[in-house]
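Per-entry structural report
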Protein chains: 2
Amino acid sequence: MADKLKIIALGGLNEIGKNMTVLEYGKDMIVVDCGLGFPEDDMYGVDLVIPDVTYLVKNQKKLRGFFITHGHEDHIGALPYVLQAVSAPVHATPLTNGLIKLKLEEHDLAAKTQLVTHKPGDVVKAGCFSVEFIHVNHSIADAVAFAIRTPVGTIVMTGDFKIDPTAEDGMTDLGRLGALGKEGVYALLMDSTNVERQGYTPSESIVAEGLDRHFNGCKNRIIVTTFASNMHRIQAVLAVAHRHGRKVAVTGRSMENILKVAIDLGYLNIPDGTLVDINQIKTLPKDRIVIVSTGSQGENMSALYRMAFSGHKQVEIQPGDKVIISASAIPGNEKAVSRIINELYRKGAEVIYDKLEGLHVSGHACCEELKIIHALTKPRYFIPVHGEQRHLQKHAALAKQMGMRPKNVIISDLGKVIECTGKTCKLGQTVPTGKILVDGTGVGDVGSVVLRDRKHLAQDGMIVVCVNLSSEDGSILSGPDIITRGFVYAKENEDLMEALRMIAARSIEVCQMRNISDWATIKSTIKNDIGQYLFKNAKRNPMILPIIMEI
Amino acid sequence: MADKLKIIALGGLNEIGKNMTVLEYGKDMIVVDCGLGFPEDDMYGVDLVIPDVTYLVKNQKKLRGFFITHGHEDHIGALPYVLQAVSAPVHATPLTNGLIKLKLEEHDLAAKTQLVTHKPGDVVKAGCFSVEFIHVNHSIADAVAFAIRTPVGTIVMTGDFKIDPTAEDGMTDLGRLGALGKEGVYALLMDSTNVERQGYTPSESIVAEGLDRHFNGCKNRIIVTTFASNMHRIQAVLAVAHRHGRKVAVTGRSMENILKVAIDLGYLNIPDGTLVDINQIKTLPKDRIVIVSTGSQGENMSALYRMAFSGHKQVEIQPGDKVIISASAIPGNEKAVSRIINELYRKGAEVIYDKLEGLHVSGHACCEELKIIHALTKPRYFIPVHGEQRHLQKHAALAKQMGMRPKNVIISDLGKVIECTGKTCKLGQTVPTGKILVDGTGVGDVGSVVLRDRKHLAQDGMIVVCVNLSSEDGSILSGPDIITRGFVYAKENEDLMEALRMIAARSIEVCQMRNISDWATIKSTIKNDIGQYLFKNAKRNPMILPIIMEI
């Protein structure tokens, strides 16, 4: 019996971010993208989330390479962690590899990793697979889709994309996708992010027009905040600034780092003398200044945040400053963005953030663009990816509208194996997968127990009850002492502290009278007695931590 | 010298919610609205936020009454707390008082409080003030604006409102507002919530049309979730259900409670036999059922949440169920709503939530409606209220567009006194104000120190270091013991626990060698040594709590 092609998402299905898809056939395996996700609201203290790659570790021998569609965090961010667990060459376009290198250097992995750079049109052999790079438009330069030849047929994976007919670097290569469609596409895996939006995503070029309108006649400083990785956007700011005789200074660590990579690789066309150091702006008149800044998502301590809240070394917001927010808030960040906007207004700035101003466009394809790709590639099977359940189902419905038979549209889930043969394509078994939480330098040492405790501590704080007991008769030698954190302000609640001390002492005495000497029982008695008292009297439920010491 | 009229916002300025405005003249004071706010993301464990009413307590003798515009939480929710600190009659319309009574009963305050019921057109004397009730449209029935005659002139306060020409209960009384404008309005305080939206808010009547479209031909169960207090919406569901031969069952505590009040007061017209108990729906065919549910904001453990996650006693989502979300997510709730939508899809439900479906309209006036009120009332002074700084400034700009002189437009802040005389109206001193945090039954005992600790605990958990020292020479009698919560899973990290134990022991020995015997210094040495070790090795910063016991 011939081998089956297995398509397995280790990330990016039923979630936004953490994109990672495995293709496996016989003795060969490749991985497309290796992204991180951002923690959910209830993942207290977690910095980022990466895919569980147990399955890759188990199949290290088969692993022929990573293929990366573009340089956004949700497609490259897990590489520094995953490349510590498995090893394989990483294939990507020049800018994408530039950004990957930046990340690997931070983790001292650059020297150990083989980064292989390709251009759209290149075809890379990797075991029984051959991977073709196809130019697409996205909110970062150098993004590609992949057409992957496999023994069962051609798999097209769009990565994140949109169709921008007036893009600076040329439109998504629809011609190539159409040619593939004519040859025959076995399965299409397509970005579902914007499937809930009708029509088309507007062209990046309208942002340049919007910026021009706002620069026109402005006598004050202009501050533009956007995503650091959106080179086309930053290019537009540079061009508009130059046209209006303004110098551009950049602030914010990620912006500075990424800009350096983009300049080194020739991805930015900077008019002579336009770019100046942020320290130089004090010497320039207000109508000669543009500051490009991080902070478009309201991030704490980002450059824009510091400018607004008077914590930035070189720039403080002044009345009249025009702040252009050339981005929209990612779901979950709305309140943080709003907090900065309010503070900018309070400082007297003019803030431009209205969606109607045309100062931002999405990087993802809307319904009509998705339909074009369906119509061009005419896949035998369709697998919606990059989305939550709502997006996957809406994208499946769209494919059916396009004439696909329901049984040829497959909604998968994380770890589910899609088994493809020449005859059928269907869901099979499940491989181990999941979320690995990264906190500081700790990878995976924060799990569900730790998170549950953090949540408990966050909600009601904690009470430590500390007591010295005699090893002879279990009587109290010293204490019980009560220490609280995050519960109530102890200095203003001495009566309550005394009441808790008395309850704990009584709990111990009761145990002693009943000849209970095992610590576990004494501890749980203290915990229950104090817990009940607090719930009854204050409707609160702090973590209670009895500590018994013995001499 | 004549007295000044003082207008003081104790809530609702530079924030959404917690609305409360004081009007004071000579020996008289009235309060308009008494609302609660919802906690910010960093207010860990806080249930709700109420205004600091120190100023009212100090002026209890002057206090002539509370006047409430409508029955939403952000206008009535602080009453049960504030009425424990001060006492005065509460004036409101029938439904508003019905909802207030419900709240007061939960706090055993109903018997002690004088609730006085009025209808639009009524004028209530309160000291030197007389307060006229004026009908307005909002997303709850029985909402009013106030025209308040004061010794310096008439103050118009719109409360939350919109202008709905096809409202069931009649349009906002523009005629009366116009008449007041002709008499002369001294100051206008107007809702700024939707000032960032152009045009008009659509009529509530389009929702009934949208519902009808979705009921039409549907062969499955229909579940509608909306705000419990939106009686017009629930009335529309009842009417459409009746027309399509469906019975309606209600689920969710707040929905059931509010519905009972609305029915008792005659605010709902329920076709005979349409309303059934939720336990009855199992006996009905699918195309004869409508379930009206709480949970439109994705609230944990709301009825819709429980139906989606299989925790509801009577209803579990089945494939084919049509779930209509007749609400939009309040900023900050987007992710919670999305989580429920995804789960509903996963269970096979059809979920209708698209903004384009016309299944929800806002309760607040957009720009064109705001302009109408400006044009009708022609106030001498304009004070934008109910909004964050961005909204207040945009509303101020709109007033200037309407021809007002900049110095007659006043953006105030919480606690700021607006001093009004016959000649001028300007910002004066500040009275004490702020946020009082409610956690369980505790009012105000969670302050900045407690919140800071909760945040710290949430981020990185905590480490308790417990040791018995000899009172003679400071040597270790037992311990140090290390107990952690929310840090790492101790059982899987025994090496780390042992390392921390050794560091603590070493810290104590070093102190002993240096003849340091005061506990504060020993504790801070332990804290610093462990803290440095963890930051260096794990980039983490848990709370470290050294406890020294002495025999």
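Quantities reported herein were computed from a predicted structural model and do not represent experimental measurements.

Each value, and the rule that gives it
Along each chain, residue indices are assigned from 1 in the same order as the chain's sequence is written. By the order in which they are written, chains take letters starting at A while ligands take numbers starting at 1. The predicted nature of this model means local features are confined to residues of pLDDT at least 70 and side-chain atom pairs, given and counted, to a pLDDT of 80 or more, with totals for whole chains, interfaces and linings taken over all residues. Excluding hydrogens and water, the side-chain values take into account all heavy atoms of the structure. Numbering of helices and strands runs from the N terminus, with a helix taken as a DSSP run of H or I at least four residues long and a strand as a DSSP run of E at least two residues long. Partly exposed describes any residue whose relative accessible area lies between the buried limit of under 20% and the exposed limit of over 50%, with all areas from a 1.4 Å probe on protein chains only and scaled to the type maximum. Residues are treated as being in contact if the distance between any of their heavy atoms lies within 4.5 Å. For the accessible areas, the method is Shrake-Rupley and the probe is 1.4 Å, while residue cover comes only from the protein chains on display. Note on charges: Lys and Arg go in the positive column, Asp and Glu in the negative column, and His and the chain ends are not counted at all. To locate a charge, the coordinates of NZ of Lys, CZ of Arg, CG of Asp or CD of Glu are taken. Only rings of Phe, Tyr and Trp enter the pairing, Trp through its six-membered ring, and a pair is recorded when the two centres are within 6.5 Å. The plane angle decides the type: under 30 degrees is stacked, over 60 is edge-to-face, the rest tilted. Whether a charge sits over a ring comes down to the Lys NZ or Arg CZ being within 6 Å of the ring centre and within 35 degrees of the ring normal. In this comparison the copies share one frame, found by least squares on the C-alpha atoms of residues holding pLDDT of at least 70 in both. At least two DSSP bridges between two strands are needed for those strands to be called paired. Axes, fitted as lines to C-alpha atoms, cover a helix only where it is in contact. Angles between the N-to-C directions of the axes lie from 0 to 180 degrees. What sets the label is the angle itself: under 35 degrees gives roughly parallel, over 145 gives roughly antiparallel, 65 to 115 gives roughly perpendicular, and the rest give oblique. Note on convention: the crossing is left-handed when the near helix lies turned anticlockwise from the far helix by less than a right angle, right-handed when the turn is clockwise. The span expected for a helix works out to 1.5 Å for each residue beyond the first. An arc is given here, and it is the one of the directions from the helix axis to the C-beta atoms.

Regarding the overall build of chain A
Helices and strands together make up the secondary structure of chain A, namely 15 helices and 26 strands. In terms of its C-alpha atoms, chain A occupies a principal-axis envelope of roughly 85 × 75 × 45 Å. Put simply, chain A has 551 residues, and 57% of those count as buried. A sequence separation of at least 24 residues applies to 71% of the contacts in chain A between residues at least 6 apart. Counting every atom, chain A has about 22,400 Å² of accessible surface; 50% of that belongs to carbon and sulfur. Computing the positive centroid from 63 side-chain charges and the negative centroid from 62, chain A places the two 5 Å apart.

Observations concerning the packing of aromatic side chains
All names here are of chain A. Counted by the stated rule, this structure contains 13 aromatic pairs over all chains. With centroids separated by 4.9 Å and ring planes inclined at 80 degrees, the aromatic side chains of Phe133 and Phe146 adopt a geometry described as edge-to-face. You can see Phe133 sitting in strand 9 (residues 129-135) and its partner Phe146 sitting in strand 10 (residues 144-150), a full 13 residues away along the chain. A residue is classified by how much of its surface remains accessible, and Phe146, at 0% relative accessible area, is buried. Site record: aromatic cluster; members linked through ring pairs are Phe67, Phe133 and Phe146. Over the ring of Phe535 we find Lys539, and its NZ or CZ is 5.4 Å from the ring centre.

Quick word on the relation of the copies chain A and chain B
Both copies of the chain are placed relative to one another by a rotation about an axis and a shift along it. When chain A is fitted to chain B, the best match, at an RMSD of 0.1 Å, comes from turning it 180 degrees and sliding it 0.1 Å along the axis. Given the turn and translation reported, the copies of this chain are related as if by a two-fold rotation axis. Proximity to the rotation axis, assessed at the C-alpha, singles out Ala458 of chain A in chain A; its C-alpha lies 2.4 Å from the axis. Both copies contact each other with a shared surface, as 100% of the interface residues of chain A are interface residues in chain B too.

What about the sheet that holds strand 20 (residues 416-420) of chain B?
Residue and element names in this part refer to chain B. Taken together, 8 strands build an open sheet; the order of strands is 7-6-5-3-2-1-20-21 and the sheet is mixed. Two strands close off the open sheet at either side, each with one partner strand: strand 7 (115-117) and strand 21 (425-430). Across the sheet, the mean angle separating the axes of adjacent strands is 25 degrees when strand polarity is ignored. Pairing analysis gives 2 bridges linking strand 5 (residues 63-67) to strand 6 (residues 90-92), with the strands arranged parallel. Of the residues in strand 6, the one forming a bridge with Phe67 is His91.

Re the packing of helix 11 (residues 367-377) of chain B against helix 12 (residues 389-401) of chain B
Residues and elements named next belong to chain B. One way to put it is that helix 11 packs onto helix 12 with a least axis distance of 10 Å and a crossing angle of 55 degrees. The orientation of helix 11 with respect to helix 12, classified from their angle, is oblique. For helix 11 against helix 12, the interelement crossing comes out right-handed. Contact residues: helix 11 offers Cys367, Leu370, Lys371 and His374, while helix 12 offers His395, Leu398, Ala399 and Gln401.

Some thoughts on unusual backbone geometry
Here Gly479 of chain A and Pro480 of chain A are connected by a cis peptide whose omega angle stands at -5 degrees. In this fold, Pro480 of chain A is placed in strand 25 (residues 476-485). Located in the positive-phi region is Asn14 of chain B, a residue other than glycine, with phi close to 60 degrees. Taking relative accessible area as the criterion, Asn14 of chain B reaches 17% and is therefore assigned buried.

Describing the sheet that holds strand 16 (residues 289-293) of chain A
Residues and elements named next belong to chain A. With parallel pairing, 6 strands are arranged side by side in an open sheet as 15-14-16-13-17-18. Looking at strand neighbours, the two that pair on one side only are strand 15 (275-276) and strand 18 (350-352), the edges of this open sheet. In this structure, strand 14 (residues 247-251) lies alongside strand 16, joined through 5 bridges in parallel fashion. What sits directly across from Ala249, in strand 16, is Ile291. Those strands touched by helix 6 (residues 205-215) are strand 13 (222-225), strand 16, strand 17 (322-325) and strand 18, and its axis lies near 170 degrees from that of strand 17.

Overview of helix 8 (residues 253-264) of chain B
All names here are of chain B. Its 12 residues give helix 8 an end-to-end C-alpha distance of 17 Å, which sits within 8% of 16 Å, the value for a rise of 1.5 Å per residue. Taken together, the buried positions of helix 8 are occupied by Met255, Ile258, Leu259, Val261 and Ala262. Viewed along the axis of helix 8, the buried residues span an arc of 160 degrees, placing them on a single side of the element. Away from its buried face, by an angle of more than 90 degrees, helix 8 presents the exposed residues Arg253, Lys260 and Asp264. Residues of helix 8 that are buried in the fold lie against helix 4 (94-106), helix 7 (231-243), strand 14 (247-251), strand 15 (275-276) and strand 16 (289-293). Once helix 8 ends, the next one or two residues include Gly266, with phi positive near 75 degrees.

Fair warning: the whole summary comes from geometry, so function is off the table for now.
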